[in-house]
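Secondary and tertiary structure notes
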Amino acid sequence: MALGWAGLYGPMALGAIGSMIGCAQAGQAACGALLETETGHGRYIGIAAMPSSQSIYGIVVMFALNREITPENAPGLAAIGLLCGLALLFSAAWQGRCCASAINVSKIRPEIFGMSLAPAAIVEGFAVFAFIFALVISAGVPA
């Protein structure tokens, strides 16, 4: 039964941990860019918040998995919740690194700002895959 509870809360908690790591990494790069540039400060702060979306995905999956936990559904809830949560954690952390790189590149060459966000968008796509598949599979877990 404890695994069922971990699976229920896991996507939100692990997604939030990843978002904290990713936003901190990108935020540190944004702080450095604020000191080194005269303009464009708002976009650096906006980029630093990109990894926070994984927390939102985790909250939605948590609500989708919310049901009475029984010995029959606990393993399924644990598998879906914990694996989705791990995917969200890693994607947010790595997206933070991608965002930090985009900030560092665009402060030197502002004209490539949009292109420098492509790696962060690709990582976000994998988080969306984990999110969507967790929602689809959760419909098959007995209530």
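All values reported here derive from a predicted model rather than from experimental measurement.

**Focus: the side chain of Glu124**
In this structure, Glu124 sits in helix 6 (residues 118-138). In this structure Glu124 is buried but unpaired, with Arg97 as the nearest side chain of opposite charge at 15 Å. Once residues within four sequence positions are removed from consideration, Glu124 is found in contact with Met50, Ser53, Gln54, Tyr57 and Gln95.

**Comments concerning the UniProt feature "domain: V-ATPase proteolipid subunit C-like" (unreviewed entry) in the chain**
Per the UniProt annotation, the sites labelled "domain: V-ATPase proteolipid subunit C-like" (unreviewed entry) are residues 11-64 and 79-137. Between the first and last C-alpha atoms of residues 11-64 the distance is 11 Å; the span itself is 85% helix and 0% strand. Taken end to end, residues 79-137 has its terminal C-alpha atoms 10 Å apart, with 92% of it in helix and 0% in strand.

**A few points about the environment of Ile17**
For Ile17, the location among the structural elements is in helix 1 (residues 2-36). A residue is classified by how much of its surface remains accessible, and Ile17, at 35% relative accessible area, is partly exposed. For the pair Ile17 and Ser55, spaced 38 residues apart in the sequence, the C-alpha separation amounts to 8.2 Å.

**Some details on the packing of helix 1 against helix 4 (residues 74-108)**
Remark: helix 1 packs on helix 4, axes separated minimally by 6 Å, with the N-to-C direction vectors making an angle of 5 degrees. Taken as axis vectors, helix 1 and helix 4 run roughly parallel relative to one another.

**Concerning the nonpolar core**
What tends to happen in soluble globular proteins is that the nonpolar side chains get buried as a cluster. Within the largest apolar cluster, 17 residues are counted, with the highest numbers of intra-cluster contacts made by Val61 and Leu65. Secondary-structure elements contributing two or more residues to this core are helix 1, helix 3 (53-65), helix 4 and helix 6. In terms of residue count, helix 4 provides more of this core than any other element does, five residues in total. Apart from residues no more than four positions distant in its own chain, Leu65 is found in contact with Gly7, Leu8, Pro11, Leu77, Ile80, Gly81 and Ser138. Listed in part, the 16 residues of the second largest apolar core include Ala26, Tyr44, Ile103 and Ala120.

**As for the state of the cysteines**
The final tally for this structure, using the stated rule, is zero disulfides. No disulfide involves Cys23; its nearest neighbouring cysteine sulfur is the one of Cys99, lying 8.1 Å away.

**Description of the packing of aromatic side chains**
Overall, the coordinates contain two aromatic pairs when judged by the stated rule. Between the aromatic rings of Tyr57 and Phe131, the centroid separation amounts to 4.9 Å while the plane-to-plane angle is 25 degrees, which identifies the pairing as stacked. Taken together, the residues Tyr57 in helix 3 and Phe131 in helix 6 connect sequence positions 74 residues apart. With centroids separated by 5.7 Å and ring planes inclined at 85 degrees, the aromatic side chains of Phe126 and Phe129 adopt a geometry described as edge-to-face. Of this pair, Phe126 and Phe129 both sit in helix 6, separated by three residues, roughly a single helical turn. A relative accessible area of 47% means that Phe129 is categorised as partly exposed. Here the basic side chain of Arg43 rests over the ring of Phe113, its NZ or CZ set 4.6 Å away from the ring centre.

The rules we used
Residues numbered from 1 in each chain as written. Predicted model: local features only at pLDDT ≥ 70, side-chain atom pairs only at ≥ 80, totals over all residues. Heavy atoms only, no water. Helix = DSSP H or I, 4+ residues; strand = E, 2+ residues; numbered from the N terminus. Buried < 20%, exposed > 50% of the residue type's maximum accessible area, 1.4 Å probe, protein only. Lys, Arg positive; Asp, Glu negative; His and termini not counted. Salt bridge = Lys/Arg side-chain N within 4 Å of Asp/Glu carboxyl O. Contact = heavy atoms within 4.5 Å. UniProt positions renumbered as here; feature names shortened; annotations may be inferred. Axes fitted to C-alpha atoms, helices over the stretch in contact; angles between N-to-C directions. Parallel < 35°, antiparallel > 145°, perpendicular 65-115°, else oblique. Core = buried A, V, L, I, M, F, W, Y, C linked by side-chain atoms within 4.5 Å. Disulfide = S-S within 2.5 Å. Phe/Tyr/Trp six-rings, centres within 6.5 Å; stacked < 30°, edge-to-face > 60°. Lys NZ or Arg CZ within 6 Å of the ring centre and 35° of its normal.

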